[in-house]
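Here are the chains, one letter per residue:
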Amino acid sequence: MCPLVEQVWIEYRTMKVYCTEHPIFILRPWLRAAGIIRAGDLRSIPSGQRIKVAGLMIMVHTPPTRSGKRVMFVTLEDESGLMDLVMFPCAQKQWAKEILTNEVLTIEGRLKREGKRGLSISIVAERVLQCFTGSFPSLLRQIPSNISIF
Amino acid sequence: MDNFCHLEVHSAYSFLWGTFTPKALVNEVRIRGQKAVALTDIWGLYGAVRFYQTAKDAGIQPVIGSRICLWEGSWITLIAKTFRGYGNLCKIITAGMDNKRIGRPAALYQHIKKWSGDLICLTGGYGSRPRVFAKNGNMEGAGISFLPFKRIFARDLFVVLQNHGLPEDMETNQILVQAAERIKVPIIATNQVAFLNPDDYRLHKTLINIQRRHYHREINGLPNNSFWLTSGQDMASRIPWAVALENTNRVAELCRGFSFPVGRLHPPKLRFKKEKADFTLARTALQELARSRSPVGAEYIRQLDQELGVIKGKRLSDFFLLVREIVEFAKSRGIRHSLRGSAAGSLVAHLLYKCPDPIEHGLLFERFINQGRGDMPDIDIDFDSEKRDEVIGSLMDRFPIQTAMVATVQTFRARSAVRLAARALGYPLHEIERLTKCLPWSLRGIGLEKAVTRLPEMKDSPLRHEQLLLSLAAQIEGLPFQSSVHLGGVILAPHDITDWTPVSMSSKRFSVGQIDKDDVDCLGLLKLDILGLRMHTALRKAEEILKQEGINVDLNRLPLDDCLTYELFQSTDSLGIFQLESPGQRHLLGRLQPRKFSDIVTEISLFRPGPVKGDMVGAYLDRRNGRQTTEFLHPDLRPILEETHGVIVFQEQVLRVVHVFAGFPYAEADAFRRAMTKDRSFEEMDGLKAQFMDSATRKGHRKELAEEVFRQVATFAAFGFCKAHAVAFAHITYQSAWLKAHHPRAFYLGLLNAGHAGSYPSWVILNEARRRGIPVHPPHVNSSHLEYRVKENGICAPLVVIRGIGPGLAQRIVFEREKNGAFLSWENFFLRVSLPANARSRLLLSGALKGLPDTLRPVRYVSIG
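Quick caveat: nothing in here was measured; it's all calculated off a predicted structure. (Residues numbered from 1 in each chain as written. Chains lettered and ligands numbered in written order. Predicted model: local features only at pLDDT ≥ 70, side-chain atom pairs only at ≥ 80, totals over all residues. Heavy atoms only, no water.)

So, the environment of A:Ser138
Residues and elements named next belong to chain A.
- On the secondary structure map, Ser138 appears in helix H4 (residues 136-142).
- It is 9.8 Å that separates the C-alpha atoms of Ser138 and Val104, two residues lying 34 residues apart in sequence.
- At a separation of 2.8 Å, a polar atom in the side chain of Ser138 contacts the main-chain carbonyl oxygen of Ser135. (Helix = DSSP H or I, 4+ residues; strand = E, 2+ residues; numbered from the N terminus. Polar contact = N/O pair within 3.5 Å; in protein donor to acceptor, adjacent residues only side chain to side chain.)

Here it is in structure tokens:
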């Protein structure tokens, strides 16, 4: 392991915060190879495009809605920023458990940009990519040997 | 009609004992045709006010009492004949709870003697000393043990007969009857009700097992399922002494004079004389007005005069002065504070407490106080949460007899109900974890059993197969299980707080009552909300950091037009900013793109469940962004609704529309708004509409126009947000955003050191700091402190971020370093600071000793789990 990866791994195992780098940064070469984009890149992608994003789960919120149906608002974070996702009941039927029980989530969905400058960005989540979803250590173990992580 | 009523009844407010709420009790009593019922919870009156209200509404006579334990371990039940008797009961409970000599709550003989007035005593039931004598066949002993009570209560003493089907019950009752006859004390039949139906005995046993297995208490439950809300007929078969049953109604009759003084206000008697208070308030407000602006505008004079008149008329001057004293105390200690709620709409409040200027922001005093409101006005103040206790302490020291904190009764939520019921049933902890893995804490009104089958994340949950557990958890969900202290509510009683509620000491040594905020409102008592706001703590800490760096910032005097701050809002980069950091608010920031202070006020008001549900957000944004034209139904409405593009966003706008368009006085307009805010029936709605239409047409408006205005008011009235509250919050929002825009490092440090100041965990805040180019240094024994600190233009993490290093251990390391200098090597560190082996390995592994010479060869990396 290179020193950076080792340091992030140590921080993950021993601390409540990440001082050196975000854990997703370590997984990035593998995620990039799978076409999974960063939060920071969302501002350059047009509304309506299908995208795949991955991040550490920060919070799930299910506020009351006008229709009375449960909508899940999920916030993920990768090394470049926060991502806000919306999961409607049809997608929840299949993926709610994955959303609520995993530390790292990779989600495919459609980008939605609103507002005059398009800065109001959310992702309508359609499915969870299970091969890139789980705990950080389990994903670290899964990285194929042909992908170099620094 | 049943010729019997239950006088010993223990509801769920006898925490983890009774299995029903007062509402369920009253409902069941009504069904059984009994005309009165008592609530005599164990050592408490937590449910008394709501029970009283529910019973009165149902036409049942409420009888209030409590079961208490005496110094020698014998239990009696005391029942209040009048409100004075209730006060005496409160005092006995207060003294008993405070009893330190025995090590458990116990009422002493002198307590009972001192406060026996207007109380009825029932003794001889299960757990009482006379019954133990009687059970052993000792009639003499039973008779003697009644004598002290006979001396105190005379004709208000009753000997209790109970029959729960135990072999000795009939014989014991015989002896008790003979003893009662000998000392001439009437007998009475009770059943110590702990559940409404025999089937609920299982639930009672579950609650007892929660006490045993979760709280590790040594406690025995009831022996069988006979302690239920029996009918008079059933009681007659158990207690074959007709007079004992008849006497239950006699006791109820004796208590007919009891009532809570609801429906009127009971303001506290404060130090200020009324005339003096009115004069002092007016003088202080005028002095502040003259000091704050020169020249003083006529609108300020008019507004102040009107407000002082209303305050004087409602005899609230001393209340305003009291709050002024609290605020002045906070100022003298440098404690950050701010007003919240409708009080911020008052010019007097602005002058006395330095909250936002209501005239500048177009706020409305009548939303706060008007002649039509019968309830006590709320002045809620937020203080720096780390220093809030100082403020509460000073208030309690000032009024030691009159004050107590408001209680909060915690109820079982879905997840805790399942977890604790599983504990009671003996499930191992790992199994409980497995069963409740995806179960939400709260289910928002869907029943537990329904939720388990409907929620998609529960589709494969093993909990679905645990029918008994699910059924028990569903029954205990919503039941009260313990009392705690309200976040900041302080009751100020007219004279002695123990006339109104029993009081006990909290862990912070504040007295705490047994009434919650709804009870306080119902009783018309004054409640001051002295709340803690972590954002104040964060801002204060950020200011301190800047001061150390030689930058003096007064956040309360910032200009409200800073470009960098608005650019930050528009970028949606609002993590950590007060009120605007949630995903929904960030999303709205991107669409709304705030350009001025009033935009922040609107943003805060719009992102609420009400406006979102009422689709006000879409309507507002469409009009603001020009996708929809803004039309005003009448020229009178333009000045009121112009700032929000014709959409009614604020409650103040509802008041103004009703006042200006329909000609209602403000007091009536506010009553109208409140009536519309509540859940209304069609009849009530029709009544309100007729009132509005009548008034509007009398003002000369066309019927169709009046109908349309009413429709809009009715649509938005229920969802509108108090603008005064939003303005008060928007100032804190602006201050936090300004700090983030201009001094991000100090902002992040303030947030990190204020505890949970927002929605995000510390690691997310640190990640953002790093993304913004602020270096984050890992913890180190030679540079870390107990809090996040500045280090080499970056942030140094404290030692407590290392798992297994708590504040105590971190403190030992920092104290040793500060006392005897930096650590020189591993050996030097471990010699100077004695730590458990696990903490040593955590420190080594985390790199907290990095760079120190490794002179401790035998200690190597130790693998951790």
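Next comes the rest of the account.
Here we look at the sheet that holds strand S5 (residues 120-128) of chain A
Residues and elements named next belong to chain A.
- What the five strands build is a closed barrel, ordered S1-S2-S3-S5-S4; its pairing is mixed. Ignoring strand direction, the axes of neighbouring strands in this sheet form an average angle of 55 degrees.
- With seven bridges joining them, strand S2 (residues 72-78) and strand S3 (residues 81-87) adopt antiparallel strand pairing. Bridge pairing in S3 links Met72 to Met87.
- Across the sheet, helix H2 (residues 23-33) touches strand S1 (50-61), S2 and strand S4 (104-114), and the angle it forms with S1 is around 160 degrees.
- Along the sheet, helix H3 (residues 89-101) makes contact with S1, S2, S3, S4 and S5, crossing S5 at roughly 85 degrees. (Pairing = 2+ DSSP bridges. Axes fitted to C-alpha atoms, helices over the stretch in contact; angles between N-to-C directions. Contact = heavy atoms within 4.5 Å.)

Topic: the pairing of strand S3 (residues 75-80) of chain B
Residue and element names in this part refer to chain B.
- Within S3, five of the six residues are buried, leaving the element largely enclosed by the surrounding structure.
- The pairing of strand S2 (residues 61-69) with S3 spans five bridges and is classified as antiparallel. Counted as the bridge partner of Cys69 is Trp75 from S3. (Buried < 20%, exposed > 50% of the residue type's maximum accessible area, 1.4 Å probe, protein only.)

What about helix H34 (residues 762-771) of chain B?
- In terms of burial, H34(B) is a largely internal element, eight of the ten residues being buried.
- Along H34(B), the residues classified as buried are B:Trp763, B:Val764, B:Ile765, B:Leu766, B:Asn767, B:Glu768, B:Ala769 and B:Arg770.

Focus: the packing of helix H8 (residues 201-213) of chain B against helix H16 (residues 414-424) of chain B
All names here are of chain B.
- It is at 8 Å that the axes of H8 and H16 come closest, and there the two elements cross at 85 degrees. If you check the angle between H8 and H16, you find them roughly perpendicular. Contact residues: H8 offers Thr206, Asn209, Ile210 and Arg213, while H16 offers Leu420, Ala421, Arg423 and Ala424.
- Its residues assigned to classes, the contact of H8 with H16 comprises four nonpolar, two polar and two charged. (Parallel < 35°, antiparallel > 145°, perpendicular 65-115°, else oblique. Nonpolar A, V, L, I, M, F, W, Y, C, P; charged D, E, K, R; others polar.)

What about the confidence of the model for chain B?
- The predicted model of chain B has a mean per-residue pLDDT of 91, with 97% of residues at 70 or higher.
- Ignoring residues within four places in sequence, the model shows residues 858-865 of chain B, a span with pLDDT below 50, making 13 contacts including any to other chains. (pLDDT = per-residue confidence, 0-100.)

Side note on the pairing of strand S1 (residues 36-42) of chain B
Residue and element names in this part refer to chain B.
- Of all seven residues in S1, six are buried; the element is thus mostly enclosed.
- As paired elements, S1 and S2 share seven bridges and run parallel to each other. Counterpart to Asp41 in the pairing with S2 is Ser66.
- As a crossover connection, the stretch from S1 through helix H2 (residues 48-58) into S2 is right-handed. (Right-handed = clockwise from strand over helix to strand, strands pointing away.)

Quick notes on the packing of helix H1 (residues 3-14) of chain A against helix H37 (residues 837-846) of chain B
- Following both chains from N to C, one finds H1(A) and H37(B) inclined at 155 degrees, their axes separated by 9 Å at the closest point. Of the possible angle classes, the one that applies to H1(A) and H37(B) is roughly antiparallel. Between H1(A) and H37(B) the crossing geometry is left-handed. Along its contact with H1(A), which presents A:Ile10, A:Arg13 and A:Thr14, the element H37(B) presents B:Arg842, B:Leu845 and B:Ser846.
- In terms of residue class, the contact of H1(A) with H37(B) is built from two nonpolar, two polar and two charged. (Left-handed = near helix turned anticlockwise from the far one by under 90°.)

Quick notes on the nonpolar core
All names here are of chain B.
- Membership of the largest hydrophobic core comes to 146 residues, with the highest contact counts inside it found for Val713, Val781, Phe829 and Leu843.
- With twelve residues, helix H32 (residues 723-742) is the largest single contributor of residues to this core.
- The residues contacting Phe829, other than those within four sequence positions of it, are Val781, Ile813, Phe823, Leu835, Leu843 and Leu849.
- One finds Val49, Leu119, Ala180 and Phe260 within the second-largest nonpolar core, a separate group that totals 75 residues. (Core = buried A, V, L, I, M, F, W, Y, C linked by side-chain atoms within 4.5 Å.)

Re the side chain of A:Arg28
All names here are of chain A.
- Counting through the fold element by element, Arg28 comes out in helix H2.
- For Arg28, a relative accessible area of 3% translates into the label buried.
- A polar contact of 2.7 Å, which involves the side chain of Arg28, links it to the side chain of Glu79.
- If sequence neighbours within four positions are ignored, Arg28 has contacts with Ile36, Ile37, Arg38, Asp78 and Glu79.

Some remarks on the environment of B:His780
Residues and elements named next belong to chain B.
- As for its position among the elements, His780 is in the loop between strand S14 (776-777) and strand S15 (789-791).
- Considering only alpha carbons, one finds His780 and Gly33, 747 residues apart in sequence, at a separation of 73 Å.
- The contact partners of His780, leaving out residues within four places of it in the chain, are Leu799, Arg817, Gly847, Ala848, Leu849, Lys850 and Leu852.

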